[in-house]
Amino acid sequence: MTGRSPTWRSTGGEGQPALTASAIAAAVNGTLRGDPDVVVTGVAPLDRARPEHVTFLASARYAPLFAECGAGVALVSPELAEMPGRPAVRVIVDKPHDAMLSLLASLYPEPDHVPGVHPTASIGRGARIGEAVAIGPYVVIDAGARIGARSRLDAHVVVGAGVSIGEECHIYPGVTLYSGTDLKDRVRVHAGVRLGSDGFGYVFRRGAHEKIPHVGRCIVESDVEIGANSTIDRGSIDDTVIGAGTKIDNLVHIAHNVRIGRLCLIMAQVGIAGSVRVEDGAILAGQVGIAGHHTIGAGARLAARAGVFGDIPPGETWSGYPARPHREALRAQAALFRLPSLLRRIERLLGNRPAGQSDEGTD
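Residues numbered from 1 in each chain as written. Predicted model: local features only at pLDDT ≥ 70, side-chain atom pairs only at ≥ 80, totals over all residues. Heavy atoms only, no water.

(A) Up close: the overall build of the chain. Broken down by element type, the chain carries 4 helices and 43 strands. For a compact globule of 363 residues, the expected C-alpha radius of gyration is about 21 Å, and the chain comes in at 28 Å, more than 25% above that figure. The principal-axis extents of the C-alpha atoms in the chain amount to approximately 95 × 70 × 30 Å. Residue burial in the chain is summarised as follows: out of 363 residues, 41% are buried. Here the contacts in the chain between residues at least 6 apart in sequence split such that 19% fall between residues at least 24 apart. Taken as a whole, the chain presents about 19,000 Å² of accessible surface, with 54% of it coming from carbon and sulfur. Across the chain, the centroid of the 37 positively charged side chains sits 3 Å from that of the 37 negatively charged ones. (Helix = DSSP H or I, 4+ residues; strand = E, 2+ residues; numbered from the N terminus. Rg over C-alpha atoms; globule rule 2.2 N^0.38 Å. Buried < 20%, exposed > 50% of the residue type's maximum accessible area, 1.4 Å probe, protein only. Contact = heavy atoms within 4.5 Å. Areas by Shrake-Rupley, 256 points an atom, 1.4 Å probe, with all protein chains shown as cover. Lys, Arg positive; Asp, Glu negative; His and termini not counted. Charge placed at Lys NZ, Arg CZ, Asp CG, Glu CD.)

Printed below as a string of structure tokens:
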């Protein structure tokens, strides 16, 4: 294949990426045992791998699956190199799982970036388009927007007036960026995301809920990835900010004026109410809910479905509803599970009390 290492092969007329066993060993800095010319074209887990796949074994607990595995090449840790199993071609590497991940980009390359503007796209007055930008079908770019060099906007993306998109960003199909949104460099925004919509802010006055105008921005710093169908509100007066390197899963909602630090992980179905501060390196697992105006300390970890109604100290792990330190939450849960048996014991004791004895003692 053009531009590829000589250890690459192309299979068939479609140019499907393929790797020889020797190329895999070189790529992961591993030791090859077996035929160096075996070719694979994809990856698969132990229970589904076929001769055209590379798989990995990093734990002895999966030995039964490895014994029946039909993979063409297996990445194995040194202590499992002699594990009985069908894969005859093995690459011995210290961290098989990490090695497998490093092969994904080679076997599943992203589609080529083809610069240009599709004829169905609409570009408003004063919009600035950088070098080598790819703009797909039915994209709408409003007046005064700026698209940085080598960025890619897929089909049906809507970019509001004055929105700024940095360099080497990828905006997937169906994304809407409202006015007031500012994306820095290398941001990835997956399908269906809405950035910069108004937050949920109303004042009850004169017998009605009157809308609070939102004039703050929605700022997404460099190297952030936002999962499909997530929503991030613009600020009301202050800005909503997502820190550099933070990764946000699908179906997450982040309300107005929230500030997320650098390198945070926010997983599916998390809901963050207004004016929350999430400091650098915090991890929020699935379905965590955070009430407004609280602070999640740097490096803190919130377990799945934690309900947060107060500040979380830096570096601590909290869980439960309401959230509390994880060990305390586990003890509380264990005590709750013991309640039915305790109640039955109390009922038996009360059922065996002497005749005429009341709950308070003897009459």
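(B) Representation of helix α3 (residues 96–107) in the model. Between its first and last C-alpha atoms α3 spans 16 Å; for 12 residues at 1.5 Å apiece the expected length is 16 Å, and the two agree. Where α3 is concerned, the buried positions are P96, A99, M100, L103 and L107. Burial along α3 is one-sided: seen end-on, the buried residues are contained in an arc of 100 degrees. (Expected span 1.5 Å × (residues − 1). Arc of directions from axis to C-beta.)

(C) Layout of the layout of surface pockets. For the largest pocket, the calculated volume is near 200 Å³. Forming the boundary of the largest pocket are E110, P111, D112, H113, R150, R152, E168, C169, H170, R186 and R188. Partitioned by chemical class, the residues of the lining of the largest pocket number 2 nonpolar, 2 polar and 7 charged. (1 Å grid on protein atoms, 1.4 Å probe; cavity = no way out; pocket = protein on both sides within 12 Å on 5 of 7 lines; lining within 4 Å. Points joined across faces, edges and corners; volume = space filled by probe spheres on them. Nonpolar A, V, L, I, M, F, W, Y, C, P; charged D, E, K, R; others polar.)

(D) Quick peek at helix α1 (residues 21–28). Among the residues making up α1, those that are buried are A21, A23, I24, A25 and V28. Once α1 finishes, N29 follows within two positions and takes phi at roughly 55 degrees, a positive value.

(E) Just the nonpolar core, in detail. Of all hydrophobic cores here, the largest spans 51 residues; its most connected members are V159, L195, I254, I272 and L302. Beyond its immediate chain neighbours, meaning those up to four positions away, L195 contacts T176, L177, Y178, T181, L183, V189, C218, V220, I226 and I232. One finds I24, L75, V91 and L103 within the second-largest nonpolar core, a separate group that totals 18 residues. (Core = buried A, V, L, I, M, F, W, Y, C linked by side-chain atoms within 4.5 Å.)

(F) Local environment of the environment of V54. Within the secondary structure layout, V54 lies in strand β6 (residues 53–57). Judged by relative accessible area, which is 0%, V54 ranks as buried. V54 sits 49 residues away from L103 along the chain, and the two C-alpha atoms are 9.4 Å apart. Residue contacts for V54: discarding those within four places in its chain leaves I24, V40, G42, V43, A44, V73, L75, M100, L103 and L107.

(G) Representation of the packing of aromatic side chains within the structure. Applying the stated criterion across every chain yields a total of 2 aromatic pairs. Residues F200 and Y202 carry aromatic rings whose centres are separated by 5.2 Å and whose planes lie at 70 degrees to one another, so their mutual orientation is edge-to-face. Overall, F200 belongs to the exposed group, its relative accessible area being 72%. Summarising the aromatic geometry, the rings of F309 and Y321 are spaced 5.5 Å apart at their centres and angled 80 degrees between planes, so their arrangement reads as edge-to-face. With a gap of 12 residues between them, F309 in the loop between β39 (307–308) and β40 (317–319) and Y321 in the loop between β40 and β41 (324–325) connect regions that are remote in the sequence. An identical accessibility class is assigned to F309 and Y321; each is exposed. (Phe/Tyr/Trp six-rings, centres within 6.5 Å; stacked < 30°, edge-to-face > 60°.)

(H) Molecular detail of the pairing of strand β23 (residues 202–205). Relative to strand β24 (residues 208–211), β23 is paired through 4 bridges, and the arrangement is antiparallel. Residue pairing for β24: R205 is matched across the bridge by A208. Where β23 folds back on β24, the antiparallel hairpin that results is connected by 2 residues, among which R206 adopts a positive phi of roughly 55 degrees. (Pairing = 2+ DSSP bridges.)

(I) A look at the sheet that holds strand β14 (residues 146–147). Taking strand neighbours across the sheet as the criterion, the 9 strands line up as β11-β14-β17-β20-β25-β28-β31-β34-β37 in an open arrangement whose pairing is parallel. The open sheet is flanked by β11 (128–129) and β37 (295–296), the only strands paired with a single partner. Bridge analysis of β11 against β14 gives 2 bridges, and the strand direction is parallel. Each residue of the ladder has a partner; that of R128, found in β14, is R146.

(J) Broad picture of the environment of R50. Position of R50 relative to the elements: it lies in the loop between β5 (42–43) and β6. Along the sequence, R50 and G72 sit 22 residues apart, while their C-alpha atoms lie 6.6 Å from each other. Excluding its chain neighbours within four sequence positions, the residues that come into contact with R50 are G70, A71 and G72. At a separation of 2.9 Å, a polar atom in the side chain of R50 contacts the side chain of E52. (Polar contact = N/O pair within 3.5 Å; in protein donor to acceptor, adjacent residues only side chain to side chain.)

(K) Up close: the pairing of strand β7 (residues 73–76). Along β7, one buried face is formed by V73 and L75 and the opposite face, lined by A74 and V76, is buried too. The sheet contact formed by β6 and β7 spans 4 bridges and is parallel. Within β7, the position partnered with T55 by the bridge is A74. In this fold, β6 hands off to helix α2 (residues 63–68), which returns the chain to β7; that crossover is right-handed. In the sheet, β7 pairs with strand β8 (residues 90–92) via 3 bridges, with the strands oriented parallel. Following the sheet pairing, L75 is matched in β8 by V91. (Right-handed = clockwise from strand over helix to strand, strands pointing away.)

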